[in-house]
Amino acid sequence: MKKPFFGFIFIALFSASLFCNPADLYQKGAEYQANEDWYGAIEMYQSALKENPSYNLVYQGLAECFYALDEYDQALSFAESARKYKKDDPDLQNLHGFILVGLGKIDEAKALFNQVLKKYPNNPEARFGLAEIEVSQGKLYLASEMYKQNLQRQGENRKALLSLTLVSYEAGNVKQAEDYIKRALKYHGDNPQVHYFAAYLNSLDGRLEEAEGRIYSALKLKEDYDEAYALLASILYAQRRYEEVIKISDMRISKKRDRADAWYLKTLSLRRLERYGEAINAAKVGLSLDADDEIMRCLLEEIAIENLNFEDSFRMELSKYHAERALGFSRRNMTDKALYEYRRTLKIYPYDVESREAYAGILLRLGYPERYLEQMLFIQSIAKSNTRVNDAVEAYEKHLLGSIQSKWRIDPLYLDKAHISIGLFYAMESSNVLHPEAERITQILTSDIFSYNPRLKITSYSDKPVTYREASKKSRTENQDYFGIIRLKENRRDIQIILELYVSRTGSPAKTFTVYRSGNDRFSNGIRRLSSMLNEAMPIVGKLINRYQNEAVIDIGKHDSDFKDLKIAVIRKDRLVIEKEGLGLVFDPSDLLGYFEPSKSEENLSEGILKRNGYYDRMNAGDSVIIFSEETKQKALEDYTDTGQKNSLLLLLLRRIR
């Protein structure tokens, strides 16, 4: 009986010694890495380092894994450690260079790649690195030439063919992109990633059935190819095959519960099937796994707003997130962010009296007593008033008795300041695998922001995506001045929001607004910035409300402009015309009746003196007023692109090529 017992102890000790062997741990980590299980590989590599802190290959493996996860700071640390042991190793130098490109340290990266090429002129990875630098700087032609150099040396180089496919498509050369992907399929038809990128290309062109076929080919070659399943779910969603999307999402979730993108797509599909309770539950789980997923949160909030009563307790619970953020921003004097969060709070749960009072307080501090009073009156209207609110209403109603609107007997309920109209649409981006329909959510939130801007009349069309032709026809039929189409591109690191604005009358481009944002709150920050850019770019138009002798009042106030270094022209009624192309208004010089010089300005109104143009005074109530300066024309020519931090989707795709 003793021999088997000691034999068991020997086997256990032998197994333990094997498990602690750094070489075996490294080998296991390399297997995980080969299967793109980055976290499993990192765990094994870290265990190997505990056994042997000088294990060079482990440092290199860790650098490669963190690079694959876009964790460039961590990757850099391990790459530098690896190079302490093999400083001149070309593979390590190239890896170090790629990481530096990811960190935006372009000059250092370029020096490393050139150093490798000087010693090894035919090194393909160094050329790939230099090509990636050109892509990061938007020089797609030069990047293509770099990739072609590798292809000339190795005519079947898979990475070069796939890179040229993506770069050619991004540059607008679809035919060339198709040629490259066909060559990749011809030479590397046994590689699942080649089929994946072929499917991706087909989905971008709207060839969903072909894309689906390619994805199934990729999955036959690699059964556990999660990226392929994610793209397949997105393709099926575009084909309105919602039940199948839910099945794939559930399968992905069963293998790894924290796949937030699977929960998001499941929520979308349940919403489309009108299973709203299940959709809310799915979104709640997804958000619990990734609390920073802003688009998931916005989707959950929109489902709640659309389907639950104002008084519903879940809406109250949802609103607390924004209320807490608003309070934090307010305490740090970050007024714009605080206003946005309070407005979102009250959109979700209008009966949050505490938040409404805080929001009203910010409006008052900004010098908008009329808007402050509106919020206090709303609290009274929902029977949740208190002594403080009642006193504020009484005090500011008396205060406003001496206002411009009281002096000129203008009823704010009938004051329509929206003299420019915009139809807001959205278009679907097939490449948005992470958050399909994020464009619709962006369009809804942008429209919400402009609902607080009385100067513009925004009509929201969020029921379905549109083409340019559909949007143009609808906007022209509705007699709107402009129409805008929102697009969105994103990856796990950053987001790009685009608003293409057109003149409704002619269909010609007016202006394109582009915002890039990275880091935390990139979605909400991007939307706010986009809205701000559009507001700043639009011409300021008003109306002459009334006049008495040479005194007059117009519906442009300090909320619309500070009037500094500006002229206010009075134009004959109905004679202002939207420019055929670009942003601007034109009128016949004979319709310039005079000028308005403000003497007092309040939130929505200004009073002042009229100065006629010419011998006769022809200015009357109802005439148009427009603000302009010498810089107005130059401003209209500016490129409305707010870069922030930029790390394009193309770069992320190129880095995924193995």
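Here, residues in each chain are numbered from 1, in the same order as that chain's written sequence. Only residues with pLDDT of 70 or above have their local features reported here, since the model is predicted, and side-chain atom pairs are shown and tallied only from 80 upward, although totals for entire chains, interfaces and linings are computed over all residues. In computing side-chain properties, one takes all heavy atoms of the structure into account and sets aside hydrogens as well as water.

A.B. asks: Which residues make up the packing of aromatic side chains, and what values go with them?
C.D. replies: The rule is short: rings of Phe, Tyr and Trp, with Trp giving its six-membered ring, pair when the centres are within 6.5 Å, and they are stacked under 30 degrees, edge-to-face over 60, tilted in between. On inspection of all chains with the given rule, the structure shows 20 aromatic pairs. For the pair Phe66 and Phe78, a centre-to-centre distance of 5.6 Å together with 10 degrees between the ring planes defines the contact as stacked. With Phe66 in helix 4 (residues 56-68) and Phe78 in helix 5 (residues 72-85), this residue pair connects regions lying twelve residues apart in the sequence. Each member of the pair, Phe66 as well as Phe78, carries the same accessibility label: buried. Connected via pairs of aromatic rings, a cluster forms that spans Tyr59, Phe66, Phe78 and Tyr85. Above the ring of Tyr321, the side-chain terminus of Arg297 is found at 3.5 Å from the ring centroid. Per the convention used, a helix needs a DSSP run of H or I reaching at least four residues, while a strand needs a run of E reaching at least two, with both numbered from the N terminus. Note on exposure labels: buried denotes an accessible area under 20% of the residue type's maximum, exposed denotes more than 50%, and partly exposed covers the range between, all computed with a 1.4 Å probe on protein chains only. Only when the NZ atom of a Lys or the CZ atom of an Arg is both within 6 Å of the ring centre and within 35 degrees of the ring normal do we say a charge sits over the ring.

A.B. asks: Tell me what's going on with the side chain of Ser319, and back it up with residues and numbers.
C.D. replies: Considering the arrangement of structural elements, one finds Ser319 in helix 19 (residues 313-331). Given the relative accessible area of 1%, Ser319 is considered buried. The contact criterion used throughout is that any non-hydrogen atoms of two residues lie within 4.5 Å. Apart from residues no more than four positions distant in its own chain, Ser319 is found in contact with Thr345, Ile348, Tyr349 and Asp352.

A.B. asks: Explain the sheet that holds strand 6 (residues 541-548) to me, and be specific about the residues and the numbers.
C.D. replies: If you walk around this closed barrel you meet the six strands as 6-7-12-11-8-13, and the pairing is antiparallel. Across the sheet, the mean angle separating the axes of adjacent strands is 40 degrees when strand polarity is ignored. If DSSP finds at least two bridges between two strands, the strands pair. Bridge count for strand 8 (residues 567-571) against strand 13 (residues 624-628) is five bridges, and the pairing is antiparallel. The partner of Ile571 across the bridge, within strand 13, is Ser624. Every axis corresponds to a line fitted to the C-alpha atoms, with the helix fit spanning only the stretch in contact, and the corresponding angles, defined between N-to-C directions, vary from 0 to 180 degrees.

A.B. asks: Can you tell me about the pattern of salt bridges, naming the residues and giving the values?
C.D. replies: One speaks of a salt bridge when a side-chain nitrogen belonging to Lys or Arg is within 4 Å of a carboxyl oxygen belonging to Asp or Glu. Evaluated as defined, the whole model comprises 41 salt bridges. Taking the shortest distance from any N to any O, the salt bridge between Arg275 and Glu243 comes out at 3.4 Å. Taken together, the residues Arg275 in the loop between helix 16 (260-272) and helix 17 (276-289) and Glu243 in helix 15 (residues 242-255) connect sequence positions 32 residues apart. On the basis of relative accessibility, which here comes to 28%, the residue Arg275 falls in the partly exposed class. Its relative accessible area of 44% is what places Glu243 among the partly exposed residues. Here the residues in one salt-bridge network are Glu301, Glu302, Arg344, Lys347 and Asp448, joined through shared partners.

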